Every structure is written in C-alpha cells, then in structure tokens.
Amino acid sequence: MAELSNKVILPREYPEFARQATHFKKLQKPYKPRVNWDKLSLMIFDCDGVLTDGRIIYGCDGEELKNFDAHDGMGFMLLRFSGVKTAVITGRSSAALERRCQDLKIDYVFQGVGNKLAKTKELLAELKLEFSNVLYMGDDWNDIPVMFSAAVSVCPSDAGRDIKPLADYVMLAPGGRGAVRECIELVLNNKTIYEQAVADYLAKIS
C-alpha cells in the first residue's frame with residue numbers, strides 16, 4: 001500500500017501510486033462486533049456516487065440533472081416487503097433527487113446536510129434506534145463518520161480509492177449502476193428473506 005508521507009511522487013512512480021490505496025497511520029477502520037442482521041432496520045444512502053453515477057449535469061436553465069438506475073429502483077420495491085426503513089442523506093440539494101425519492105417511496109430524505117453524522121443521530125433519536133440497527137452506504141470522505149458508526153458500511157465499486165478499504169463491504173457494481181440494488185439484495189439475503197420478498201412482490205403484481 002502507498003505510504004502517506006512528505007515524499008515527492010515522481011512522474012514515473014505515479015501510475016503505481018495511483019493504483020494503491022493510501023496507508024494511513026492515524027485513520028484506521030474501527031473494530032465492529034459481528035452484525036446481527038435481524039436487528040438491521042434502517043438503510044441510509046448517500047446520493048451522488050451511490051444512487052447516481054456521481055456526474056452532476058447542469059441544464060441550460062441551471063437545473064441540476066442526475067442519472068438514476070432502474071435496477072436500484074426495483075431493489076427498493078423489494079425492500080418494502082422487509083419492513084426495513086430507508087433514508088437518503090446528502091450534502092447537495094436537488095429537485096431531481098426529491099422526485100426520485102418520492103417515486104421510490106424513500107421514508108426520510110435530508111438534503112443540504114453538512115454534517116451527516118449529526119443528522120443520522122437526530123434521525124435515530126426520532127426513530128428510537130441505535131447505530132447497531134443501521135447500514136450506511138457512501139462513497140467519499142464526508143460519508144466516513146457515519147460509515148464508521150453504522151453496524152454495516154457499504155460502498156460502490158467506484159468509490160474513492162482510499163474509501164474502499166475503510167468499508168465493510170465493497171459492491172461489485174458502481175454507483176448509479178446497480179450498486180444500491182446489490183446492497184439491498186445483500187441485506188435481504190443476510191436476513192434470509194430475499195426469496196420471500198421476491199414472492200411477495202410477484203404476488204402483488206400478478
């Protein structure tokens with residue numbers, strides 16, 4: 001792993017350096033007890049780079065456009081049969097996200113949040129839950145405080161280079177391209193209710 005130091009990275013050294021995660025000396029992934037998946041009752045997601053591919057596109061009128069994934073949407077439909085609540089906490093504000101969360105029936109949406117850990121604590125107090133009940137999915141440094149506190153932390157395959165070693169699970173799919181669906185299926189499988197959720201969904205539409 002690359003060392004975090006004052007050493008100058010020479011041009012010929014950069015390709016090798018860029019492929020490696022930084023070896024931090026003061027920032028360590030915390031020890032967490034074994035997850036009780038039956039207790040997991042709240043999934044919290046970042047938006048940009050998790051629900052979306054991370055690109056931010058501005059229209060001619062200044063409107064912010066985002067790309068979402070239909071497969072992720074089906075994941076949220078299945079999750080509704082599990083009793084697990086959902087939340088989105090993001091540092092930006094977007095009408096597109098508000099619309100998407102309404103379509104997906106996300107239970108709690110918080111935009112323009114500077115301190116995600118503080119907002120998560122407020123939500124847990126409101127719901128009378130603890131961090132042992134939480135899975136958090138993020139992709140960058142502003143997500144790390146909640147990722148370290150949650151029972152389970154998850155990131156997409158294209159999360160920041162130095163973020164992935166700090167997550168409990170790294171999805172195979174990138175953000176905005178099925179990573180959220182993969183995360184939801186992970187939860188449903190570890191709760192041993194994935195097949196039942198699919199059966200309940202099919203029964204509803206048949």
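Report follows, based on the coordinates. (Residues numbered from 1 in each chain as written. Predicted model: local features only at pLDDT ≥ 70, side-chain atom pairs only at ≥ 80, totals over all residues. Heavy atoms only, no water.)

Observations concerning the overall build of the chain
Helix and strand counts for the chain stand at seven helices and 10 strands. Computed over C-alpha atoms, the radius of gyration of the chain comes to 18 Å, within 12% of the 17 Å expected from 2.2 N^0.38 for 206 residues, which places it in the range of a compact globule. Summarising its shape, the C-alpha atoms of the chain cover approximately 60 × 50 × 30 Å along the three principal directions. Here the chain holds 206 residues, and 44% of them are scored as buried. Of the contacts formed within the chain by residues at least 6 apart in sequence, a portion of 54% connects residues at least 24 apart. (Helix = DSSP H or I, 4+ residues; strand = E, 2+ residues; numbered from the N terminus. Rg over C-alpha atoms; globule rule 2.2 N^0.38 Å. Buried < 20%, exposed > 50% of the residue type's maximum accessible area, 1.4 Å probe, protein only. Contact = heavy atoms within 4.5 Å.)

Topic: unusual backbone geometry
For Lys 105, which is not glycine, the phi dihedral falls at a positive 60°. If you trace the backbone, Lys 105 turns up in the loop between helix 3 (95-104) and strand 7 (108-110). Of the residues examined, Lys 105 reaches a relative accessible area of 54% and is grouped as exposed. A positive phi angle is found at Lys 128, which is not glycine, with a value near 60°. Of note, Lys 128 is situated in the loop between helix 4 (116-127) and strand 8 (134-137).

Topic: the pairing of strand 6 (residues 85-89)
Burial analysis of strand 6 places four of its five residues in the buried class, which makes it a mostly covered element. Two strands pair when backbone bridges link them, and strand 6 and strand 7 are joined in this way by three bridges, in the parallel orientation. Looking at the pairing, Ala 87 lines up with Tyr 108 of strand 7. (Pairing = 2+ DSSP bridges.)

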